[in-house]
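# Descriptive structure summary
Here's the letter readout for the chains.
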Amino acid sequence: MLINKIARKFVCSITLFCAISALSFSQSIKTAGDFFKEVSEYYATLSAYEAEIFLAADKTEMTGKVSYKKPDLLRLDFTVPENQVIVFNGEILTIYLPESDAILQQSVQKDSAAAGPSMATAQGLSLMNRYYTVAYEVGQAPVPLDQDSSEMVIKLVLTRRNTSEAFRTIQLAISPETKLIRRIEAVTTKGESFVFNFVDYTLNNEIPDQRFIYDPPSSANNYNNFLFSE
């Protein structure tokens, strides 16, 4: 009888231990959607930020500085190509191409899916959550940014929900400590790849609205609604 009581206590202890362990394990699991929500909520708290940006589009490489101000003001000033500028004032996208002496302008719908650097904003993340499914690329544990990198990030893969989205997939590399986007890799339906790297963030700095008013050279040729031009 004594042995049976000890055995029962042992079994109960093991059962309780397993239950607690299982509960602890389940609580430690964070879905990709939950993590993406945390990142989106953090970006929603940012009033502004600036960062160095490195863009690779197929064989073209560009470097510059990105400035963002809540809710939807965005500007990129490039050093390579020198003097190239991209400005979005919430309604109009303006691109100045100094090599072609051209100004490209396009009206942008606010409910369209985000593209490029605008993905790294609260609005862009909200649109991605609406139009893309979210999954971990490997798992919830941080992995190296690159194969030989010591920088650790959490990698997400976003897959479009319908064929109307310009990007087939979007990969995000996010710092687990800061919740800031370190890299965006977007692949179009034609297989074109765009990679954006963000470094040296400055958060919640004072940026005047005038910074997002761009006065391009008067000698440049203007092309309106260029996305729909032949």
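Keep in mind the model is a prediction, meaning the values are calculated, not measured. The residue numbering used here restarts from 1 in each chain and proceeds along that chain's sequence as written. For a predicted model such as this one, the threshold for reporting local features is a pLDDT of at least 70, and the threshold for listing and counting side-chain atom pairs is 80 or more; totals across whole chains, interfaces and linings nevertheless cover every residue. As a rule here, side-chain values cover all heavy atoms of the structure and leave hydrogens and water aside.

### Section: unusual backbone geometry
Here Lys-70 and Pro-71 are connected by a cis peptide whose omega angle stands at 10°. Here a strand is any run of E in DSSP of at least two residues, a helix any run of H or I of at least four, and the numbering for each starts at the N terminus. Along the chain, the position of Pro-71 falls in the loop between β2 (60-69) and β3 (73-80). The residue after Val-80, namely Pro-81, is reached through a cis peptide bond having omega -5°. Inspection of the secondary structure puts Pro-81 in the loop between β3 and β4 (85-88). The phi dihedral of Asp-200 is positive, around 55°, even though this residue is not glycine. You can see Asp-200 is positioned in strand β12 (residues 193-203). When a residue's accessible area, from a 1.4 Å probe over protein chains only, is under 20% of the maximum for its type it is buried; when over 50% it is exposed; and in between it is partly exposed. Of the residues examined, Asp-200 reaches a relative accessible area of 59% and is grouped as exposed. Not every positive phi belongs to a glycine, and Asn-204 is a case in point at roughly 55°. Checked against the element boundaries, Asn-204 lands in the loop between β12 and β13 (221-224).

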